[in-house]
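# Descriptive analysis of the structure
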Amino acid sequence: MSRLPWLLTQWPSSALSLLLLGVVGRQTGVEVVQASVCSRWGAPTNKSLSQDGDVVIGGIFNLYYIPSPVEMDFLQLPHYEPCSGLDLESLKYMYAMAFAVEEINRNSTLLPGVKLGYRIVDGCSRYPWALQAALSLVGGETRSCSLTASMPRSALYEQPEETSSQLIPLLIGASSSTTGIILSRILGPLSISYMASCPCLSDRPKFPNFFRTIPSDIYQARAMARLAIRFHWTWIGAVIVNNDYGHLAIQVFQEEIQGKGVCLEFTETVHRETIMRDARRTALTIQASTTRVILIFCWYTDAKKIFLELAKRNVTDRQFLASEAWSTSDDILQDLAISKVASGVLGVAIKSSTIPGFEKYLRNLHPFRRPGDGFLREFWEKEFGCSPGDTTLFSYSSSPLKAKPDHPANVSSLAKESLQKAYLPPCSGTESLVGVQHPFTDTSQLRVAYNVYLAVYAAAHALHSLLSCPNRDNSSTCSSPNHIKPIELLQQLNKVNVTTPQGEKFYFQGADIPAQYDLVNWQNTPEGQLKLIVIGRVNGFDVHLNESAIQWSTGSSQVPVSVCSESCRPGTRMATRKGEPVCCFDCIPCAEGEFSNKTGSPHCERCPSEFWSNAERTACIPRQLDFLSFNETLGITLTTAAVSGATVTTAVFVVFVYYRQTPMVRANNSELSFLLLLSLKLCFLCSLVFIGRPSVWTCRFQQAAFGISFVLCVSCLLVKTMVVLAVFRSARPGAEALVKWFGPGQQRGSVCLFTCIQVIICAIWLSLSPPVPQQDLGFQGSMVTLKCAMDSVVGFTLVLGYIGLLACTCLLLAFLARKLPDNFNEAKLITFSMLIFCAVWVAFVPAYVSSPGKYVVAVEIFAILASSYGLLFCIFAPKCFIILLRPEKNTKKYLMAR
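So, here is what we can say about the structure in this document. (Residues numbered from 1 in each chain as written. Predicted model: local features only at pLDDT ≥ 70, side-chain atom pairs only at ≥ 80, totals over all residues. Heavy atoms only, no water.)

To continue, consider the state of the cysteines. A complete count under the given rule lists 8 disulfides for this structure. Covalent S-S linkage joins cysteine 568 and cysteine 587, the inter-sulfur distance amounting to 2.1 Å. As the torsion about the S-S bond is roughly -95°, the cysteine 568-cysteine 587 disulfide counts as left-handed. Taken together, the residues cysteine 568 in the loop between strand S19 (542-545) and strand S20 (572-576) and cysteine 587 in strand S21 (residues 585-589) connect sequence positions 19 residues apart. (Disulfide = S-S within 2.5 Å. Helix = DSSP H or I, 4+ residues; strand = E, 2+ residues; numbered from the N terminus.)

Below, the structure written as structure tokens:
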């Protein structure tokens, strides 16, 4: 089929038509070869309108809705109804072409000396008949042909009876994208479409012979997607027609909204053949849906059926987005039955313009002045209810063809015309469109008609460039009206860049023109009808909109809300529901330390380390300093425990001083006992240094005080234990000299030595790398802990390790002396006290490491207090019990007894 365009210029038109009929016949099951009478597609039963000229351009318009009986019988498709119902809008498009041709012929500067003609045929809104109409145009004027059953199949293409050909170099059409694809791929004529808006037709390698004066659907689909994004409509329903227009438009729409937070709740598809059933199904889907915004990509007749079904169900709370195919339909706007349902429609419309003189041209149309115009005659009969008289029946060209009454199709057509005329009175001749308010004569906002007008002018300028030959003497370089080469005309069309009579720049970008649309709004009128208001425009991908001029479906200026889930307030984030679109979600509060300060935030952001989220999780605030203070419960408890311990220690000290001459006090080395009580008091009091706001000096002093106090305490116990062992060992024969080494001076010296070692360790540690106040950001919370950071872990480890070494040595010696033969053996008390001491500090290490924030300090204070209380009670409680409550046992005899 790729050689068809070449064949159209080389073969006689009747033979070519019969060839194509043979191809289609074989595909449809019709045997064309055995027919006794044949006619090419479009002659003479197809309705057409023509005007002779030096160059004739073709036009294809969908003037009727359904195929005629001729094509129905020929293709054996009984389920199609006869072609009926003259479309007044398409009729206006046809006359826009005729008007443009006549205007060009009156123009002395455009195509001078060349008369432009036209031949317009009906495509009948069906693809096979649009192909038939195109074949009738590009195939030339075939008068007749005859076949016999005995003719060989080869003779069918070789012996036409009569042909007369004037080739048409260019078509104004097709009226739909699918028809344009069919014509371009199968037939291949050079064409300028006024309504084929499929994005696929912009592909020049696939469709090099196709042009159009309507923008690609990419622009209107993206404009509608941007309207949805602009008004925050995240939950939308879609209704599309089951053809390229609907499917490709919704595909582009979905690509544009992807990742923008807009979802489709449903996509309903309607079919022209079953529109009544599909309209009912679609209306029920819309009624049951939760979306409040419905996008409709379909023809205006389909949209009207849907609106009628919605009106029956009183569905009036939906906001509709209209595609250009029905956004300006007077048929819907003027229907009072659906005005409540369709109120507030927001749509994309083909850019409107005016054609000077066109309204006058339409009003002056009259069948008496155009006897060959059967379309005008049918319009007259419909609008005025009278018959304008016997004009040429079904041969609406300026060169009437002879109809053969013996052909069944012609008989049927003639009978139908006669039957219609029998019921209509003759017209008086005074009927006129002048002064009549009618949609047909309304040229205030011409859209598709203006596209047709532009297409004719584009063709005229391309022909002008092609036929304007500066060197007429050299005919080889010039084109003539009778020999126009399609490839040369194609090259000139690609170069068209002119200014229209309206002063607008016009040029092609490949197959397309620069995209321009109107944004329209359907608003209520006091009469109850709807009126069309232009409230914005689209230039390419840019949308310019006057929002204050919009009247929404609710009747107010408030933008309708259409969401699956309400936007999450600040302080929460969106969490998608499993198995549902991303537009349906739950709102989850932000976690601690995170915030969201925008409505509809998809996630929560983490606060900087120095900040924390507020209670509402809407902002980050500076984290408050946190430390173990004297004002909080934990600080008060620990302070009370420390002060109580120091008080009890002081009381014991007073008791020992008061009873210092008693055997119990003297037998237990009163000097070391007083030093031990003093060191225990220091241990209790040093814990208070850990409470309160850390400073440079408190950080240095607290660890030194802790380390030295406990070494002093443990040193006293160690020396006590060593003295006990020495005394009992000296009782053995030959060991009397052992006591010399543990006299009072040696005891004091030993305690001082052990303590000085710890002082030296602390001095070196604090001089090289002392603890300093530092904010601890590691613990995530609204508080930032202020603590004394141990820059040198080695120093702190040496302090604890030295205390542990002394404690373990003391525990070992006390354990060895626990069974010495005395009624009151102090080594037993030291053993128990050191066991408690060691247990506390062994448990302290993991607790200290794992505790967060200020609780590290609390753990250390607790360990200090627990070990101090353990030493105090284990060593001094039994002694105080005897001194105060059992004085009869506080004798030398009792203590020395075994």
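Orientation of helix H5 (residues 127-138) relative to helix H6 (residues 177-187), taken along the N-to-C sense of each, is 50°, at an axis distance of 10 Å. On the basis of the axis angle, H5 is oblique to H6. Here H5 and H6 pass one another in a crossing that is right-handed. For the pair formed by H5 and H6, the contact residues are Tyr127, Ala130, Leu131, Ala134, Leu135 and Val138 on the first element and Thr178, Thr179, Ile182, Leu183 and Leu187 on the second. The residue inventory of the contact of H5 with H6, partitioned by class, reads 9 nonpolar, 2 polar and no charged. (Axes fitted to C-alpha atoms, helices over the stretch in contact; angles between N-to-C directions. Parallel < 35°, antiparallel > 145°, perpendicular 65-115°, else oblique. Left-handed = near helix turned anticlockwise from the far one by under 90°. Contact = heavy atoms within 4.5 Å. Nonpolar A, V, L, I, M, F, W, Y, C, P; charged D, E, K, R; others polar.)

Glancing now at the packing of aromatic side chains. Enumeration according to the criterion identifies 37 aromatic pairs in this entry. Ring geometry for phenylalanine 61 and tyrosine 194: centres 5.1 Å apart, planes at 25°, overall stacked. Residue phenylalanine 61 is located in strand S3 (residues 55-61), and its partner tyrosine 194 is located in the loop between strand S8 (191-193) and strand S9 (210-212); the two are separated by 133 residues in the primary sequence. The same class applies to phenylalanine 61 and to tyrosine 194, which are both buried. By the ring-pair criterion, three or more aromatic residues cluster together here, those being Phe706, Phe710, Trp765, Phe796, Phe837, Trp841, Phe844 and Tyr848. In this structure, arginine 204 is placed above the aromatic ring of phenylalanine 211, and the distance from its NZ or CZ to the ring centre is 4.8 Å. Geometry around tryptophan 697 places arginine 700 over its ring, the cationic atom sitting 5.6 Å from the centre. (Phe/Tyr/Trp six-rings, centres within 6.5 Å; stacked < 30°, edge-to-face > 60°. Buried < 20%, exposed > 50% of the residue type's maximum accessible area, 1.4 Å probe, protein only. Lys NZ or Arg CZ within 6 Å of the ring centre and 35° of its normal.)

A few words on the nonpolar core. Leu91, Tyr95, Ile172 and Ile192 are the most contacted members of the largest nonpolar core, which totals 75 residues. Elements represented by at least two residues in this core include exactly S3, helix H4 (88-106), strand S4 (116-122), helix H13 (358-363), helix H14 (374-384), helix H16 (448-467) and helix H17 (486-495). The leading source of residues in this core is H16, at 16 residues. If near-sequence neighbours (up to four positions away) are discounted, leucine 91 is found in contact with Leu63, Leu86, Phe375, Phe379 and Phe440. (Core = buried A, V, L, I, M, F, W, Y, C linked by side-chain atoms within 4.5 Å.)

A full pass over the atoms with the stated rule returns 25 salt bridges. The residue aspartate 518 makes a salt bridge to arginine 447 at a minimum N-O spacing of 3.0 Å. Pair noted here: aspartate 518 is in strand S17 (residues 516-524) and arginine 447 is in the loop between helix H15 (408-422) and H16, with a separation of 71 residues, a long-range link. Residue aspartate 518 is classed as buried on the basis of its relative accessible area, which comes to 9%. Arginine 447 gets classed as buried once you look at its relative accessible area, which sits at 6%. Of the charged contacts in the structure, one is a salt bridge between arginine 748 and glutamate 671, with a shortest N-O distance of 2.7 Å. (Salt bridge = Lys/Arg side-chain N within 4 Å of Asp/Glu carboxyl O.)

Looking now at the sheet that holds strand S7 (residues 171-172). As summarised here, the arrangement of the 6 strands in space is S2-S4-S3-S7-S8-S9, forming an open sheet in which the pairing is mixed. Looking at which strands have only one partner, the edges of the open sheet turn out to be strand S2 (48-51) and S9. Direction of pairing for S3 relative to S7: parallel, over a ladder of 2 bridges. Along S7, the bridge assignment pairs glycine 59 with isoleucine 172. Contacting S3, S4 and S7, H5 runs over the sheet at an angle of about 155° to S4. (Pairing = 2+ DSSP bridges.)

Time to look at the environment of glutamate 359. As for its position among the elements, glutamate 359 is in helix H13. When neighbours within four sequence positions are excluded, glutamate 359 is seen to be in contact with Thr441 and Thr443.

Turning our eyes to something else, we now look at the pairing of strand S13 (residues 319-322). Where burial is concerned, the two faces of S13 agree: the one with Gln319 and Leu321 and the one with Phe320 and Ala322 are both buried. As paired strands, strand S12 (residues 293-297) and S13 are joined by 4 bridges and run parallel to one another. Considered in S13, the bridge of valine 293 is made with glutamine 319. Two strands pair when backbone bridges link them, and S13 and strand S14 (residues 346-350) are joined in this way by 2 bridges, in the parallel orientation. Following the sheet pairing, leucine 321 is matched in S14 by leucine 346.

What follows is about helix H22 (residues 744-768). For H22, which comprises 25 residues, the first-to-last C-alpha distance of 36 Å matches the rise-based estimate of 36 Å (1.5 Å per residue) to within 8%. Those residues of H22 not exposed but buried are Gln747, Val751, Phe754, Thr755, Gln758, Ile761, Cys762, Trp765 and Leu766. (Expected span 1.5 Å × (residues − 1).)

The next thing to look at is the sheet that holds strand S28 (residues 783-789). Reading across from one edge, S26-S28-S27 is the order of the 3 strands in this open sheet, with mixed pairing throughout. Unpaired on one side and paired on the other, strand S26 (624-626) and strand S27 (772-776) mark the two borders of the sheet. Neighbour-to-neighbour, the strand axes of this sheet turn through a mean angle of 35°, independent of strand direction. Of the strand pairs in this sheet, S26 and S28 are connected by 3 bridges, and their pairing is parallel. For glutamine 624, the partnering residue across the bridge sits in S28 and is methionine 783.

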